[in-house]
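# Tertiary structure, described
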Amino acid sequence: MSNTTLTADVVAKMALAVLDNNIGVVGKMHRAYEDEFTEKVNGYKKGQSISIRRPADFTVRSGATMNVQDVIEGKVTLTVDQQIGVDFQFSSTDMTLSVSDLTERVIEPAMTNIINYMANDVLTEMYKGLYNWAGTPGQTINSFADFGKGPERLDEMAVPTSGRLAVLSPADHWALLGSQTGLYMQDVAKGAYRDASLGMIGGVDMYMSQVTPTHTAGTRDNTTPLTDGNSQEVTYDTAKNTWTQTLITDGHDSAATITAGDVFTIDGVYMVNPKTKTSTGILQNFVVTTAVTAHATTTSDTNLTISPPIIVTGPHQTVTYSGNFDGRTITFFGTASTAYKQNMVFHKNTMALACVPLEMPQGAVNGSRKEHKGWSVRVIPVYDGVNDVSKWRLDMLYGRKLIDPRLGTRLSGSA
């Protein structure tokens, strides 16, 4: 290919092409909210945001008597606050390169780092808010039965069957892949053996990610923490925007840490089917959304910020239980201070992602900003006359928000 003088325009176009070809599961997440940002000629600044409404829900009337229900909508805020980039430089003698050389030497390594950073950031933001966890932490997903626990949990939560995605760590991907090579379905076995491709399993579009996040459990304690106090349930109206509440507990060891992302169950508190509001027979999983250190004595209260909120009646009911709520045993998932890969199965609408064009600073000369399929890259050259080198900054601006944790689950294998 003939040599091409490097310009910001060329670099931006090549960067977008690499991004589009390698973005993976992140590119499948919900992107519709990008259109709600106000169009600006000069792009956006870090910190701009939009509000996203949570859908209203209702209970079904039985009989002819009218039973009017209030329409209560919650909202979450999506802020484009993640500015990321890679900076590099060329000497003057490198300023004329073939496009293929430029892509291989510079753009692919730079964009690969950006893609991996973004994927890890988005997946980390998502797992920390997902309270459902199917399987046994620490166990590898090495069979269809293991994997099936993920879609099964989504079915229990009445999650739509279309638009489901899964992201697996390399270890879980290859273990599940190995279980598929012995199948008698020729195309499935061939794809697994020759292409290391899982394709679609059980209606779920499968992805392997080398940056699947890892969650390290808190130090917790050697005692048995308990709920402390009755009447800890809340209403949807009080929790509709955060989808969290405060849970009063005691019985923790002094100075035990509970980490954001730790999951637990409460004895006798069951998850309900979101449509029928009847018990699924599965203990409701709760996630701690804010890290906390337990108080100095086991008799002192430790307040946990948890999701989902404990709602026992109405169209947004989350749980059911009988008897007193006080003194119920809290059981955390996994072993204290242990790291676990966070495989996930989820609907594409679980997480919202918005990538918007960055503003072009007034002092920038010969900069370029390119958009393609909802992705935007800004490239600005800066000449260093003292050292006779051309420096380049490549930037992206995006935001991510977990908009509906009810649509996803973490997944481990079975013991």
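Presented here is an overview of the structure given in this document. These figures come from a predicted structure and were not determined experimentally. (Residues numbered from 1 in each chain as written. Predicted model: local features only at pLDDT ≥ 70, side-chain atom pairs only at ≥ 80, totals over all residues. Heavy atoms only, no water.)

### Things to note about the pairing of strand β14 (residues 263–272)
Of all ten residues in β14, eight are buried, a share of seventy percent or more. Looking at chain direction, β14 and strand β15 (residues 279–288) are connected through five bridges and run antiparallel. When the sheet's bridge partners are listed, phenylalanine 264 is paired in β15 with phenylalanine 286. Counting the residues in the hairpin turn of β14 and β15 gives six residues, including lysine 277, whose phi is positive at 65 degrees. The pairing of β14 with strand β19 (residues 330–332) spans three bridges and is antiparallel. By the bridge assignment for β19, isoleucine 266 is matched with isoleucine 330. Two strands pair when backbone bridges link them, and β14 and strand β18 (residues 319–320) are joined in this way by two bridges, in the antiparallel orientation. Bridging from a neighbouring strand, methionine 271 pairs with valine 319 of β18. (Buried < 20%, exposed > 50% of the residue type's maximum accessible area, 1.4 Å probe, protein only. Helix = DSSP H or I, 4+ residues; strand = E, 2+ residues; numbered from the N terminus. Pairing = 2+ DSSP bridges.)

### Thoughts on empty space enclosed by the protein
Unfilled space is identified by rolling a water-sized probe across the atoms. A complete count under the given rule lists two cavities of 30 Å³ or more for this structure. What the largest cavity holds in volume is close to 130 Å³. In terms of lining, the largest cavity is formed by 14 residues, of which the most central are Pro274, His316, Gln317, Thr318 and Arg406. The residue inventory of the lining of the largest cavity, partitioned by class, reads seven nonpolar, four polar and three charged. (1 Å grid on protein atoms, 1.4 Å probe; cavity = no way out; pocket = protein on both sides within 12 Å on 5 of 7 lines; lining within 4 Å. Points joined across faces, edges and corners; volume = space filled by probe spheres on them. Nonpolar A, V, L, I, M, F, W, Y, C, P; charged D, E, K, R; others polar.)

### Quick word on helix α1 (residues 8–22)
The end-to-end C-alpha distance of α1 is 21 Å, a good match for the 21 Å that 15 residues give at a rise of 1.5 Å each. Where α1 is concerned, the buried positions are Ala8, Val10, Val11, Ala12, Ala15, Leu16, Val18 and Leu19. (Expected span 1.5 Å × (residues − 1).)

### Brief notes about the layout of surface pockets
If you add up the space inside the largest pocket, you get close to 320 Å³. Forming the boundary of the largest pocket are 17 residues, of which Gly129, Thr242, Thr289, Lys401 and Leu402 lie nearest the centre. When contributions to the lining of the largest pocket are tallied by element, the ones reaching two or more residues are β3 (75–79) and β25 (389–402). The element that contributes the greatest number of residues to the lining of the largest pocket is β3, accounting for three residues. The residue inventory of the lining of the largest pocket, partitioned by class, reads five nonpolar, seven polar and five charged.

### Considering the pattern of salt bridges
By the definition in use, this model includes 13 salt bridges. Glutamate 152 is the salt-bridge partner of lysine 149, the closest N and O atoms lying 3.9 Å from each other. Here glutamate 152 and lysine 149 lie together in helix α3 (residues 144–156), a separation of three residues that amounts to about one turn. Residue classification places glutamate 152 among the partly exposed positions, given a relative accessible area of 38%. With a shortest N-O distance of 2.7 Å, arginine 164 and aspartate 155 are connected by a salt bridge. (Salt bridge = Lys/Arg side-chain N within 4 Å of Asp/Glu carboxyl O.)

### Topic: the sheet that holds strand β8 (residues 200–201)
Strand order in the open sheet made by the six strands is β6-β26-β21-β7-β9-β8, with mixed pairing throughout. Pairing within the sheet leaves two strands with one partner each, and these edge strands are β6 (133–134) and β8. Note: β8 against strand β9 (residues 204–208), two bridges, orientation antiparallel. Pairing of isoleucine 201 across the sheet is with valine 204, part of β9. Of the strands in this sheet, β6, β7 (164–168), β8, β9, β21 (343–347) and β26 (408–411) are in contact with α3, which crosses β26 at around 155 degrees. Where helix α4 (residues 170–180) meets the sheet, its contacts fall on β7, β8, β9 and β21, and the angle it forms with β7 comes to roughly 110 degrees. (Contact = heavy atoms within 4.5 Å. Axes fitted to C-alpha atoms, helices over the stretch in contact; angles between N-to-C directions.)

### Observations concerning the side chain of aspartate 172
Considering the arrangement of structural elements, one finds aspartate 172 in helix α4. At 8.3 Å, lysine 341 is the nearest oppositely charged side chain to aspartate 172, a buried residue that forms no salt bridge. (Lys, Arg positive; Asp, Glu negative; His and termini not counted.)

### Digging into the environment of asparagine 142
Take asparagine 142: it is sitting in the loop between β6 and α3. Residue classification places asparagine 142 among the partly exposed residues on the basis of a relative accessible area of 43%. Once the C-alpha coordinates of asparagine 142 and alanine 171 are considered, the two residues, 29 residues apart in sequence, prove to be 9.3 Å apart. When residues no more than four places from it in sequence are discounted, the contact partners of asparagine 142 are Ala175, Leu176 and Ser179.

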